[in-house]
Amino acid sequence: MSDIAATAESPSRSPLADEVARRRTFAIISHPDAGKTTLTEKLLLFGGAINLAGQVKAKGERRNTRSDWMKIERERGISVVTSVMTFEFQDLVFNLLDTPGHEDFSEDTYRTLTAVDSAVMVIDAAKGIEARTRKLFEVCRLRDIPIITFINKMDRESRDTFELLDEIEKTLALDTTPITWPVGRGRDFLGTYDVVNGGVRLLEGGGAKTGATEQIDIADLAGRNANLDVAEIKDELALVSEACKPFELEAFREGHLTPVYFGSALRNFGVGDLLEGLGKFAPAPRAQDSNVRKVEAAEPRMSAFVFKIQANMDPNHRDRIAFARLCSGKLSRGMKAKLVRTGKNMSLSSPQFFFAQDRSVADEAFAGDVVGIPNHGTLRIGDTLTEGEEITFVGVPSFAPEIVRRVRLTDAMKAKKLKEALQQMSEEGVVQVFRPRDGAPALVGVVGPLQLDVLKARLDAEYSLPVEFEVSEFQLARWISSDDRKKLDAFIAANNSGIADDVDGDPVFMAKNEFYLGYTRERAEGINFSNVKDVK
Ligand code: GDP
């Protein structure tokens, strides 16, 4: 942990700065099936959170009780909710923010990526870069999030190693530096060579649980596997040290270069190296942009933003948990915080801390950590909490929906209740709601169709509101704005039947199709049409 050791020795550092410096807040990005869940379990094992490993999974029978509340999840075997796992390893605190595996919930994933400082990209060694990895990588790149690569499933038939690195470089425009290098492949995969320090770490080293693997010299490989050509391996390793770029911390931190590790999550191999790499290379909590100034993580006063809302596991209570990422300072149980959007103070009387080993021990959190704040609808996605300062963190996005539907209530008497329920669902980020200015029934927008199923199930279970979704005359939604207020008002007046308000009351132009949108846009001089909105 060279950089940590160096900074820890500096006499001028405050205890708060020390706490911040030992945090690593990250997410795992991957295509479904690449091994994210398996890797997550193994990372937790390393962090000593053994009681959690094995519970993470939301597939098949091994269900996580935390997400069991939602039947739809259970039925489909997918993980809908984003959760936080905190564990310690080598005196560092790792916050792993889990993201939904199913792409229909990608909006959740994008928002979660606004709350991390780095990401681990898991790639299936037989498949290389897949569609969703690429998409998520692009989201990381937009935010300059540094990426560490883990090439998984090395215990199975895999593609040529140079070819895999080449694919990362070409398709993602990202330089690669292998930190380890596979020795043998598929059935003959023996382990990895430590490119930096030399020596081979063997897969069959015994300590699969502890991660303690045997390390030997290349020359001693010959007797291990008759299929291995040691001379060829030596040639390959010579080529690696000649042809591969040396690791440069700055290029990594700026998102231009990725250190690459090889392993097998299933066999618990290479996971310790990856974790060490995260500790050594991944940045401590970064400064966050607000509408007024950049907020440094080690500033003494607490600030945080909400990136995720989760309804309570108990459907009979309408409590919500707001997941907030601390941007600066320290949050302790019972402190008061200002909710900047409303200007009101709220008491953080029972924040949840997510130490995987023992949830009850922690009663404070530091910049980089995520806390769960129970509330009854006070907090929304994008909200900023401070110790009084009037700032709002920027960059938590809303994305224009891919699918727009009209909500039809089977019981017309419940219109008011539906309005409230939809408002709450949109504040939680379950769906987006658009209220047509002409008084027509509300429209909902989603990125993927499963979100509609979730909305329907929750309206029924939590609000006793049976609803149906109808195809609407509108397919597209774009947020409209203008530097010239008069121009915006005139546009809205002229297009009234296609204007709706979003959850914040901001105007949205609803279009029948791309052609109509293009046509309108061309004629609407001075009006911006956006498919992304920064939640303010
Ligand atoms: P996710 O969809 O990315 O969360 O992937 P999972 O962790 O659920 O893994 C998908 C499948 O790949 C499961 O059957 C795992 O057991 C398997 N798997 C994961 N990692 C490895 C690995 O390193 N080697 C092998 N052979 N299989 C793996």
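Once a new chain begins, its residue numbering starts again from 1 and follows that chain's sequence as written. In keeping with the predicted nature of the model, local features appear solely for residues at pLDDT of at least 70, side-chain atom pairs appear and are counted solely at 80 or more, and the whole-chain, interface and lining totals rest on all residues.

Trainee: Please clarify how the overall build of the chain should be interpreted in this entry.
Mentor: Starting at the N terminus, helices and strands are each numbered in turn, a helix being any DSSP run of H or I of at least four residues and a strand any DSSP run of E of at least two. What the chain contains, in helices and strands, is 14 helices and 32 strands. Counting only residues that meet the buried cut, the chain has 45% of its 536 residues in that class. Think of it this way: build a C-beta for each residue from its backbone, and any pair within 7 Å is a contact. A separation of at least 24 residues holds for 69% of the contacts in the chain among residues at least 6 apart in sequence. As a rule, residues whose C-beta atom has 12 or fewer other C-beta atoms within 10 Å are exposed, those with 20 or more are buried, and those in between are partly exposed; C-beta atoms are placed from the backbone.

Trainee: Looking at this structure, how should I read the confidence of the model for the chain?
Mentor: If pLDDT is low for a region, its predicted coordinates should not be looked at in detail. Along the chain, pLDDT gives the predictor's confidence residue by residue, from 0 to 100. The pLDDT averaged across the chain works out to 84; a share of 85% of its residues lies at or above 70. Predicted confidence is poor over residues 206–211, with pLDDT under 50, and the contacts of this stretch with residues over four places away or in other chains come to nine contacts. For the stretch residues 356–361, pLDDT sits under 50, and the model shows 11 contacts to residues farther than four places along the chain or on other chains. Listed scores for the predicted complex are pTM 0.84 and ipTM 0.99.

Trainee: Would you mind showing me how to read the site of the ligand here?
Mentor: Here is the check we use: build the C-beta atom from the backbone, and if it is within 6 Å of the molecule or strand, call the residue near. What surrounds the ligand is a group of 16 residues, the closest being G35, K36, T37, T38 and L266. Note that Gly is not counted as nonpolar here; it falls among the polar residues with everything else outside the nonpolar set of Ala, Val, Leu, Ile, Met, Phe, Trp, Tyr, Cys and Pro and the charged set of Asp, Glu, Lys and Arg. Classifying every residue of the shell around the ligand gives four nonpolar, seven polar and five charged.

Trainee: Can you walk me through helix α8 (residues 230–243) in this structure?
Mentor: Think of an α-helix as turning once every 3.6 residues; residues three or four places apart then point the same way. With 14 residues, α8 should cover 20 Å at 1.5 Å per step; its first-to-last C-alpha distance of 20 Å lies within 8% of that length. A small share of α8 lies buried, amounting to one of its 14 residues. Here, expected helix span is obtained from the residue count minus one, scaled by 1.5 Å.

Trainee: Whenever I open this one, unusual backbone geometry confuses me. Can you help?
Mentor: Generally, phi is negative for residues other than glycine and the peptide bonds are trans, each holding for most cases. At Q90, a position not held by glycine, the phi torsion is positive, near 50°. Tracing the chain through its elements places Q90 in the loop between β2 (84–89) and β3 (92–97). A tally of 14 C-beta atoms within 10 Å means that Q90 is categorised as partly exposed. The backbone of D144 sits at a positive phi, close to 55°, despite the residue not being glycine. Here D144 lies in the loop between α6 (131–142) and β5 (147–152).

Trainee: Is there a simple way to think about the packing of helix α11 (residues 415–427) against helix α12 (residues 449–463) in this case?
Mentor: Any two packed helices are characterised by the angle at which their axes cross and by the distance between the axes. Contact pair α11 / α12: the axes reach a minimum separation of 11 Å and the direction vectors enclose 125°. Comparing their axes, α12 and α11 come out oblique. Pair α11 / α12 crosses with right-handed handedness. Counted together, K417, A421 and M425 of α11 and L455, R458, L459 and Y463 of α12 form the full contact between these two elements. Structural elements are reduced to axes, namely lines fitted to C-alpha atoms, with helices fitted over the stretch in contact, and the angle between N-to-C directions of any two is expressed from 0 to 180 degrees. Relative orientations are named as follows: roughly parallel for angles under 35 degrees, roughly antiparallel for angles over 145 degrees, roughly perpendicular for angles from 65 to 115 degrees, and oblique for any other angle. Left-handed is the label given to a crossing in which the near helix is rotated counterclockwise from the far helix by less than a right angle, and right-handed is the label when the rotation is clockwise.

Trainee: Any chance you could explain the sheet that holds strand β22 (residues 384–386) here in plain terms?
Mentor: Within a sheet, neighbouring strands are paired by backbone hydrogen bonds and run either parallel or antiparallel to one another. Pairing is antiparallel in the open sheet, where seven strands are placed in the order β18-β17-β22-β14-β15-β21-β19. The open sheet terminates on both sides in strands that have one partner only, identified here as β18 (344–347) and β19 (352–353). Both strand β14 (residues 303–311) and strand β15 (residues 320–328) contribute to a ladder of eight bridges, which runs antiparallel. Counted as the bridge partner of F305 is R325 from β15. Two strands qualify as a pair provided that DSSP identifies no fewer than 2 bridges between them.

Trainee: Help me understand the pairing of strand β1 (residues 23–30), please; the structure alone is not making it clear to me.
Mentor: Two faces belong to every sheet, and in a regular strand the side chains alternate between them. Of all eight residues in β1, eight are buried, a share of seventy percent or more. Burial along β1 is two-sided: the face carrying R23, T25, A27 and I29 and the face carrying R24, F26, I28 and S30 are both buried. Where β1 meets β3, five bridges bridge the pair, whose relative direction is parallel. The partner of F26 across the bridge, within β3, is L96. The pairing of β1 with strand β4 (residues 118–124) spans five bridges and is classified as parallel. When the sheet's bridge partners are listed, F26 is paired in β4 with S118.

Trainee: Even after reading the chapter, I still don't get the environment of V139, so can you show me in this structure?
Mentor: The topology assignment puts V139 in helix α6. The exposure class assigned to V139 is partly exposed, which follows from the 19 C-beta atoms found within 10 Å. Spatially, the C-alpha atom of V139 lies 7.8 Å from that of L113, the residues being 26 residues apart in sequence. The residues contacting V139, other than those within four sequence positions of it, are Y110 and L113.

Trainee: How do you make sense of the nonpolar core when you look at a structure like this?
Mentor: Across soluble globular proteins, nonpolar side chains show a tendency to be buried alongside one another. Core membership is restricted to buried Ala, Val, Leu, Ile, Met, Phe, Trp, Tyr and Cys residues, and these are joined into a nonpolar core through C-beta atoms within 7 Å. Ranked by internal contacts, the top residues of the largest apolar core, which has 95 residues, are A119, V120, V306, A324 and L326. In terms of residue count, the dominant contributor to this core is β15 (six residues). Domain borders in the structure are assigned automatically or taken from a domain database. Each of domain 1 (28–79 + 118–281) and domain 2 (288–386) contributes no fewer than three residues to this core. Ignoring any residue separated from it by four or fewer positions in sequence, one finds A119 in contact with F26, A27, I28, I29, C140, I145 and I147. Formed by 34 residues, the second largest nonpolar core is a distinct cluster that contains V430, A442, L476 and F491.

Trainee: Whenever I open this one, the pairing of strand β26 (residues 443–446) confuses me. Can you help?
Mentor: Residues L443 and G445 of β26 are buried on one face, and the alternating residues V444 and V446, pointing to the opposite face, are buried as well. For strand β24 (residues 403–409) and β26, the ladder comprises four bridges, and the chain directions are antiparallel. Within the sheet, the bridge partner assigned to R406 lies in β26 and is L443.

Trainee: When you look at the sheet that holds strand β28 (residues 476–481) in this model, what are you seeing that I'm missing?
Mentor: The antiparallel open sheet is built from eight strands, whose spatial order is β27-β24-β26-β25-β29-β30-β28-β31. Taken across any chain shown, the strands that pair with only one partner, and hence form the sheet edges, are β27 (467–471) and β31 (528–530). Strand-to-strand twist of the sheet, defined as the mean angle between neighbouring strand axes without regard to direction, takes the value 40°. The pairing of strand β29 (residues 499–501) with strand β30 (residues 507–511) spans three bridges and is classified as antiparallel. Paired with A500 across the strands is V508, a residue of β30.

Trainee: Help me understand the packing of helix α3 (residues 36–46) against helix α10 (residues 271–281), please; the structure alone is not making it clear to me.
Mentor: Remark: α3 packs on α10, axes separated minimally by 10 Å, with the N-to-C direction vectors making an angle of 75°. It follows from the interaxial angle that α3 and α10 lie roughly perpendicular. Residues L39, K42, L43 and F46 of α3 touch α10, and the partners they reach there are V271, G272 and L275. By residue class, the composition of the contact of α3 with α10 is five nonpolar, one polar and one charged.

Trainee: What's the story with the environment of T171 in this structure? I'm lost.
Mentor: If you trace the backbone, T171 turns up in helix α7 (residues 161–172). For the pair T171 and F281, spaced 110 residues apart in sequence, the C-alpha to C-alpha distance is 23 Å. Residues in contact with T171, not counting those within four places in the same chain, are I129 and R134.

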